[in-house]
Amino acid sequence: MPTFTAHTVDTAPAAARPTIEGVRRRLGHLPAAVGLMAESPELLTGFLTGNGIFEKCALEPLEREVVVMTVATRNECHLCVAMHTAALARHGATPELVGALRAGTPLPDDRLEALRRFTVAVLDHRGAVPEDGITTFLAAGYQPRHALDVVLGVGTYTISTFANRLTGAPLDAPLAAYAWEPSGAPSAHR
């Protein structure tokens, strides 16, 4: 028997029901990851609230996806990588950009590469990015506010990637075309 339950609107804790019903209405289906996160209404609400705030930050949509994909690949979340690969396709990202993000390799766009490297530095240094990392980020045309927006994205997607891995969240059928596994890992879902 699985440790975590993939809840529906009918089986979720009462405090999570309005939230998962809202997600189901907005997307037309209930993603398995949302049903699994519903076990903790506070976690689900915290992630969705953080995500909503991150979506309003000063980073452009493609820049936000660079942050998310950097966190998702670093944390080996197959689900987040697939979901955000689909988002990159909706944003018109080039195959070269998508491939580099999925592989965790340098990006073909210098400005976005500076953002990816800064996100990696935030993760590697737990926020205490060395001065040269900040200087390089700002020299690419970003502002101090953007550095803090990266921290917001890292925090928000750490919640998601960790929850998805902990619960073993499966890939929903609409995302099958975007499936991803970390290189060298037979199954990194957990």
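Computed from a prediction, not measured in an experiment: that's the story for all the values here.

A.B. asks: How should the overall build of the protein chain be read in this particular structure?
C.D. replies: A count of helices and strands for the protein chain gives nine helices and zero strands. Secondary structure of the protein chain in N-to-C order comes out as α-α-α-α-α-α-α-α-α. Its C-alpha radius of gyration of 17 Å places the protein chain within 12% of the 16 Å reference for a compact globule of 190 residues. Looking at the 190 residues of the protein chain, the share that counts as buried comes to 46%. A separation threshold of at least 6 residues defines the contact pool for the protein chain, and within that pool the share at least 24 residues apart is 66%. With 16 positive and 19 negative side-chain charges, the protein chain shows a separation of 4 Å between the mean positions of the two kinds.

A.B. asks: Can you walk me through the nonpolar core in this structure?
C.D. replies: The tendency in soluble globular proteins is for nonpolar side chains to be buried side by side. Judged by nonpolar contacts, the single largest core of 50 residues is most densely connected at Leu 115 and Val 150. Of all the secondary structure elements, the ones that give two or more residues to this core are α1 (17–27), α2 (32–37), α3 (41–54), α4 (61–74), α5 (78–90), α6 (95–103), α7 (110–124) and α9 (144–167). Other than its neighbours up to four places away in sequence, Val 150 contacts Leu 59, Val 67, Leu 115, Phe 118, Thr 119, Val 122 and Phe 137.

A.B. asks: Just to check I follow, could you spell out the pattern of salt bridges for this structure?
C.D. replies: Side chains that differ in charge, positive against negative, can pair when their charged atoms come close. Applying the stated rule across the entire model yields nine salt bridges. Residue Glu 76 is joined to Arg 165 by a salt bridge in which the shortest nitrogen-to-oxygen separation is 3.9 Å. One end of the pair, Glu 76, is in the loop between α4 and α5; the other, Arg 165, is in helix α9, and 89 residues separate them in sequence. A relative accessible area of 18% means that Arg 165 is categorised as buried. Through salt bridges with shared partners, a single ionic network connects Glu 21, Arg 24 and Arg 25.

A.B. asks: In this structure, what is going on with the packing of aromatic side chains? I would like to understand it.
C.D. replies: Where two aromatic rings form a pair, the distance of their centres and the angle of their planes describe that pair. Applying the stated criterion across every chain, the model contains four aromatic pairs. Ring geometry for Phe 54 against Tyr 157: centres 6.3 Å apart, planes inclined by 65°, an arrangement best described as edge-to-face. On the criterion of sequence distance, the pair formed by Phe 54 in helix α3 and Tyr 157 in helix α9 is long-range, its members being 103 residues apart. The exposure classification of Phe 54 matches that of Tyr 157, with both residues buried. An aromatic cluster of three or more residues is present, and its members are Phe 47, Phe 54 and Tyr 157. Positioned above the aromatic ring of Tyr 142, the side-chain terminus of Arg 111 is 3.9 Å from the ring centre.

A.B. asks: Would you mind going over the packing of α5 against α9 with me for this structure?
C.D. replies: Any two packed helices are characterised by how steeply their axes cross, that is the angle between the axes, and by the distance between the axes. At a minimum axis separation of 8 Å, α5 and α9 run at an interaxial angle of 125°. Relative to α9, the element α5 lies oblique. Across the interface between the two elements, Leu 79, Cys 80 and His 84 of α5 pack against Tyr 157, Ser 160, Thr 161 and Asn 164 of α9. Partitioned by chemical class, the residues of the contact of α5 with α9 number three nonpolar, four polar and no charged.

Reading the values: rules and limits
- Residues numbered from 1 in each chain as written.
- Predicted model: local features only at pLDDT ≥ 70, side-chain atom pairs only at ≥ 80, totals over all residues.
- Heavy atoms only, no water.
- Helix = DSSP H or I, 4+ residues; strand = E, 2+ residues; numbered from the N terminus.
- Rg over C-alpha atoms; globule rule 2.2 N^0.38 Å.
- Buried < 20%, exposed > 50% of the residue type's maximum accessible area, 1.4 Å probe, protein only.
- Contact = heavy atoms within 4.5 Å.
- Lys, Arg positive; Asp, Glu negative; His and termini not counted.
- Charge placed at Lys NZ, Arg CZ, Asp CG, Glu CD.
- Core = buried A, V, L, I, M, F, W, Y, C linked by side-chain atoms within 4.5 Å.
- Salt bridge = Lys/Arg side-chain N within 4 Å of Asp/Glu carboxyl O.
- Phe/Tyr/Trp six-rings, centres within 6.5 Å; stacked < 30°, edge-to-face > 60°.
- Lys NZ or Arg CZ within 6 Å of the ring centre and 35° of its normal.
- Axes fitted to C-alpha atoms, helices over the stretch in contact; angles between N-to-C directions.
- Parallel < 35°, antiparallel > 145°, perpendicular 65-115°, else oblique.
- Nonpolar A, V, L, I, M, F, W, Y, C, P; charged D, E, K, R; others polar.

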